[in-house]
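Read off the chains here:
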Amino acid sequence: MSRPDPHRDSRRRAAHYRTSPDETGADDAPSRPQLTPEQQIEAAIRRGDFDDLPLAGKPLPHLGTSYDPSWWIKRLIEREQISGVLPPALALRREDAELDTYLDTTGSEERAREILEDFNRRVIEARRQLQGGPPVITALRDVDAEVEAWRERRRVRAAARAVEEPPPRRRRWWGRPRG
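Read on for a plain summary of the structure.

About the cut-offs
Position labels on residues start from 1 in each chain and follow its written sequence. Since the coordinates come from a predicted model, pLDDT governs what is reported: local features require at least 70, and pairs of side-chain atoms require 80 or more to be given and counted, while whole-chain, interface and lining totals use all residues. Side-chain measures here rest on the full set of heavy atoms in the structure, leaving out hydrogens and waters. In this analysis an axis means a line fitted to C-alpha atoms, helices contributing only their contacting stretch, and an angle means the value between N-to-C directions, from 0 to 180 degrees. Each helix is a run of DSSP H or I of at least 4 residues and each strand a run of E of at least 2, with the numbering of both proceeding from the N terminus. Angle categories: roughly parallel below 35 degrees, roughly antiparallel above 145, roughly perpendicular from 65 to 115, and oblique for all the rest. Should the near helix be turned anticlockwise from the far one by less than a right angle, the crossing is left-handed, and should it be turned clockwise, the crossing is right-handed. Should any heavy atoms of two residues lie within 4.5 Å, those residues are considered in contact. Amino acid classes used here: Ala, Val, Leu, Ile, Met, Phe, Trp, Tyr, Cys and Pro are nonpolar; Asp, Glu, Lys and Arg are charged; the rest, including Gly, are polar. To estimate how far a helix should extend, the number of its residues minus one is multiplied by 1.5 Å. Each residue is assigned a bend, namely the angle between axes fitted to the seven residues that terminate at it and the seven residues that start at it. Residue burial is assigned from relative accessible area. The probe radius is 1.4 Å, only protein chains are included, and a residue is buried under 20% of its type maximum, exposed over 50%, and partly exposed in between.

Before going further, it helps to spend a moment on the packing of helix α5 (residues 109-128) against helix α6 (residues 143-164). Across the interface, α5 lies against α6 with an axial gap of 10 Å and an inter-helix angle of 140°. Viewed along their axes, α5 and α6 adopt a mutual orientation that is oblique. Note that α5 runs across α6; the crossing there is right-handed. Here α5 contributes Glu109, Ala112, Arg113, Leu116, Glu117 and Asn120 to the contact with α6, which in turn contributes Val143, Asp144, Glu146, Val147, Trp150 and Arg151. Of the residues assigned to the contact of α5 with α6, the class counts are five nonpolar, one polar and six charged.

Below you can see the structure in the form of structure tokens.
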């Protein structure tokens, strides 16, 4: 009786495949139980699995900071750029801090009044809500005083622009169009 060729016997080939690393570096079975973790890492390095990772050569972010139990939700909000999830009291505080800058972008007094009246309405509504959370300490805005301050800021900006702009150049008589 002749001995079977080990390359022809499917069981022997399967055993050989399970026990020997692939010469080409291709690893069809990523979790070979007989390979040590160090060997698996070396095989992954040879295949190039660790090339071009996003943080290659950089320190890991948030490493060494103190433990925060809500770290995952803060990173989710940062990564997904989620906004508008503040309780009404905190959202109104933030809006109050940015309200003058927002008013300066409006072009008319009527629009500035609408914005201020809407802000005051939302502050009053938030004070009426008893849903818990931080207290509403945002003060109401005096519409007339705020509009007057808005006008003054516009005057100052217009004066600053007038100083910055050079006077228009006079055209010489020979450069004027003939009519």
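That covers the picture; the talk isn't over yet.
Its 17 residues place the ends of helix α4 (residues 88-104) 24 Å apart at the C-alpha level, agreeing with the 24 Å of an ideal helix rising 1.5 Å per residue. Where α4 bends most, the angle comes to about 50°, and this point is Glu98. For α4, every residue scored as buried is listed here: Ala89, Leu92, Leu99 and Leu103. Contacts made by the buried residues of α4 are with α5 and α6.

Taken by themselves, the reported measurements are silent on function.
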